[in-house]
Amino acid sequence: MSDTILKAEGLKKHFHLGGGFMAETKLVRAVDGVSIEVRRGETFAIVGESGCGKSTLARLLMRLLEPTEGAIEFEGRDIAGIRGRDLRELRRDMQFVFQDPFSSLNPRMSVGKLVGEPIETHRPGLSRAQRRQEVARLLSTVGLRPEHADRYPHEFSGGQRQRIGIARALASNPRLVIGDEPVSALDVSVQAQVVNLLHDLKSELDMTLVIIAHDLAVIRHMSDRVAVMYLGQVVESGPTDEIFANPRHPYTMALLSAIPEAAHGRARTRLALSGETPSPAAPPSGCRFHTRCPFAREDCATRIPELGAATQESRVACHYWQEIAADRPAAGLTPAAGLSEGAQRRFALYEAATQATTPNPRTAANAEA
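Residues numbered from 1 in each chain as written. Predicted model: local features only at pLDDT ≥ 70, side-chain atom pairs only at ≥ 80, totals over all residues. Heavy atoms only, no water.

(A) Focus on helix α4 (residues 128–141). The terminal C-alpha atoms of α4 lie 20 Å apart, and with 14 residues this matches the ideal 20 Å at 1.5 Å per residue to within 8%. By the burial criterion, the buried members of α4 are Arg131, Glu134, Val135, Leu138, Leu139 and Thr141. Buried residues along α4 cover an arc of 155 degrees about the axis, so they all sit on one side. Facing away from the buried side of α4 by more than 90 degrees, the exposed set consists of Ala129, Arg132 and Gln133. Following α4 by one or two positions, glycine 143 has its phi on the positive side, about 90 degrees. (Helix = DSSP H or I, 4+ residues; strand = E, 2+ residues; numbered from the N terminus. Expected span 1.5 Å × (residues − 1). Buried < 20%, exposed > 50% of the residue type's maximum accessible area, 1.4 Å probe, protein only. Arc of directions from axis to C-beta.)

(B) Inspection of the layout of surface pockets at higher detail. Space inside the largest pocket adds up to approximately 680 Å³. Taken together, 32 residues make up the lining of the largest pocket; nearest its centre are Ser35, Ile36, Val234, Leu307 and Arg315. Of all the secondary-structure elements, those providing two or more residues to the lining of the largest pocket are β1 (4–18), β2 (25–39), β9 (225–230) and β10 (233–239). Sorting elements by how many residues they give to the lining of the largest pocket places β2 first, with 7 residues. In the lining of the largest pocket, the residues fall into 13 nonpolar, 9 polar and 10 charged. Considering only enclosed or pocket space, the second largest pocket measures out at about 360 Å³ in volume. (1 Å grid on protein atoms, 1.4 Å probe; cavity = no way out; pocket = protein on both sides within 12 Å on 5 of 7 lines; lining within 4 Å. Points joined across faces, edges and corners; volume = space filled by probe spheres on them. Nonpolar A, V, L, I, M, F, W, Y, C, P; charged D, E, K, R; others polar.)

(C) Structural context of the side chain of glutamate 134. On the secondary structure map, glutamate 134 appears in helix α4. A relative accessible area of 11% means that glutamate 134 is categorised as buried.

(D) Region of the structure containing the confidence of the model for the protein. This prediction gives the protein a mean pLDDT of 85; 85% of its residues lie at or above 70. Confidence over residues 336–340 falls short of pLDDT 50; this stretch has 10 contacts with residues more than four positions distant or in other chains. (pLDDT = per-residue confidence, 0-100. Contact = heavy atoms within 4.5 Å.)

(E) Local environment of the packing of aromatic side chains. Considering all chains together, one arrives at 4 aromatic pairs under this definition. Look at tyrosine 251 and phenylalanine 289: their rings are 5.5 Å apart centre to centre, the planes differ by 65 degrees, and that puts the pair in the edge-to-face class. Highlighted residues: tyrosine 251 in helix α9 (residues 250–257) and phenylalanine 289 in the loop between α10 (261–264) and β11 (308–309), separated in sequence by 38 residues. Relative accessible area serves as the criterion here: at 2%, tyrosine 251 is assigned to the buried category. Taken together, the aromatic side chains of Tyr230, Tyr251 and Phe289 make up a single cluster linked through ring pairs. The ring of tyrosine 320 carries the charged tip of arginine 297 above its face, separated from the ring centre by 4.0 Å. (Phe/Tyr/Trp six-rings, centres within 6.5 Å; stacked < 30°, edge-to-face > 60°. Lys NZ or Arg CZ within 6 Å of the ring centre and 35° of its normal.)

(F) Structural detail: the sheet that holds strand β5 (residues 77–78). Reading across the sheet, the 4 strands line up as β2-β1-β4-β5 and stay open at both edges, with antiparallel pairing between neighbours. Single-partner strands in this sheet number two, and they are β2 and β5. Across the face of the sheet, helix α1 (residues 54–61) comes into contact with β1, β2 and β4 (69–74) while running at roughly 120 degrees to β1. (Pairing = 2+ DSSP bridges. Axes fitted to C-alpha atoms, helices over the stretch in contact; angles between N-to-C directions.)

(G) Structural detail: the packing of helix α5 (residues 158–170) against helix α6 (residues 188–205). Viewed as axis vectors pointing N to C, α5 and α6 meet at an angle of 15 degrees, and their least axial separation amounts to 10 Å. Between α5 and α6, the angle falls in the class roughly parallel. Between α5 and α6 lies a crossing whose hand is right-handed. Residues Gly159, Gln162, Arg163, Ile166 and Leu170 of α5 touch α6, and the partners they reach there are Val190, Gln193, Val194, Leu197, Leu198, Leu201 and Leu205. Of the residues contributing to the contact of α5 with α6, the split by class is 8 nonpolar, 3 polar and 1 charged. (Parallel < 35°, antiparallel > 145°, perpendicular 65-115°, else oblique. Left-handed = near helix turned anticlockwise from the far one by under 90°.)

(H) View of the nonpolar core. One finds Val115, Leu139, Val142, Ile166 and Ile219 to be the most contacted residues of the largest nonpolar core, which totals 52 residues. Top contributing element to this core by residue count: α6, with 6 residues. When neighbours within four sequence positions are excluded, isoleucine 219 is seen to be in contact with Ala45, Val47, Ile211, Ala213, Val226, Thr240 and Phe244. Core analysis: the next-biggest nonpolar cluster, separate from the first, contains 32 residues, Leu11, Ile46, Cys52 and Ala80 among them. (Core = buried A, V, L, I, M, F, W, Y, C linked by side-chain atoms within 4.5 Å.)

(I) Region of the structure containing the pattern of salt bridges. One pass over the full model with this rule turns up 23 salt bridges. The closest approach of N and O atoms between aspartate 93 and arginine 175, which form a salt bridge, is 3.9 Å. Here the residue aspartate 93 occupies a position in helix α2 (residues 84–93), and arginine 175 occupies one in the loop between α5 and β7 (176–180), the gap between them amounting to 82 residues. Looking at arginine 175, the relative accessible area reads 39%, which means it is partly exposed. Arginine 145 serves as the salt-bridge partner of glutamate 147, at 3.0 Å between the closest nitrogen and oxygen. Connected through salt bridges with shared partners, the residues Arg40, Glu75, Arg92, Asp93 and Arg175 form a single ionic network. (Salt bridge = Lys/Arg side-chain N within 4 Å of Asp/Glu carboxyl O.)

(J) Just the sheet that holds β11, in detail. Pairing within the open sheet is mixed, and its 8 strands lie in the order β6-β7-β8-β3-β9-β10-β12-β11. With partners counted over all chains shown, the strands left at the sheet margins are β6 (94–97) and β11, one partner each. Pairing between strand β3 (residues 43–47) and β9: 4 bridges, direction parallel. Residue pairing in the sheet places phenylalanine 44 in a bridge with arginine 225 of β9. Packing of α1 onto the sheet brings it into contact with β3, β6, β7, β8 (208–212) and β9, and relative to β7 it is tilted by some 155 degrees.

Structure, rendered in structure tokens:
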């Protein structure tokens, strides 16, 4: 069995905006040539600022959007063009957890029906009584009580609604789960519980996770490898510890240096960017980051950098990353021991979540009720 469970090669998604009578259409390059590999059993993170294309990429991988160009393979099978019954069978093995735990749940359906619907679709051989038992088991798995099956989404807190979404995603026994900002809408204490829950479920159920997140603390303590996106392209990828300790691309350095000290720790040297993020409808020529990069040289505006090997595990798309790294040897984050007391408390919250030293997330969820 291959070590790679999900692979994308040269993946693109372009949207046409505008048009009409005497009006010119604009081509928005939301995802423009992304290649990634997700290994079986790992947590793979995709990060970047708003508008970089990471959510669009997640929907492409899940086949919620049709790719404009490129290949997507799941367990060695090309899924970029599948439809109908084949696509429905794919949904059994790949599931999605949406960012908003309320709008992703039908308010007119009870929790039992919401969680039971994928069971009925993908496991039609079960009787009604067996489906209800399975719903009760899934609710217990995510820290809710079986009697919650008779309630409706508006009767739950945000954290509980996200658990319902996770239970729904697990109903088909998937091999891979993609989470689009699964904890961003939750309070910090609830975030840690949900992070803990996902971490536990991944180990218990032998799943693979792909996580989209803005909060780099979540990424730092939850993921095994990370890909950094900018304007529709991956600019750096590699093991999480290596990326956070030794970022090589100037954009990754800027992302890490922007983390507030009181939140997750402080970068040793602040790297300020100038200008606004360019529009994906009119991306810059050459290196797309050159218009904001403090290290840009004249040829960066004309030469397109390839995502090349920096180490055996890491990749970076920058012509001059070696020279930049030599000038900035301490671009990584401060170790946890060197942070302020307030920073260490928040830092420890996620550390405890991934090591299951916080209160049991299932017990905590029941306490919310």
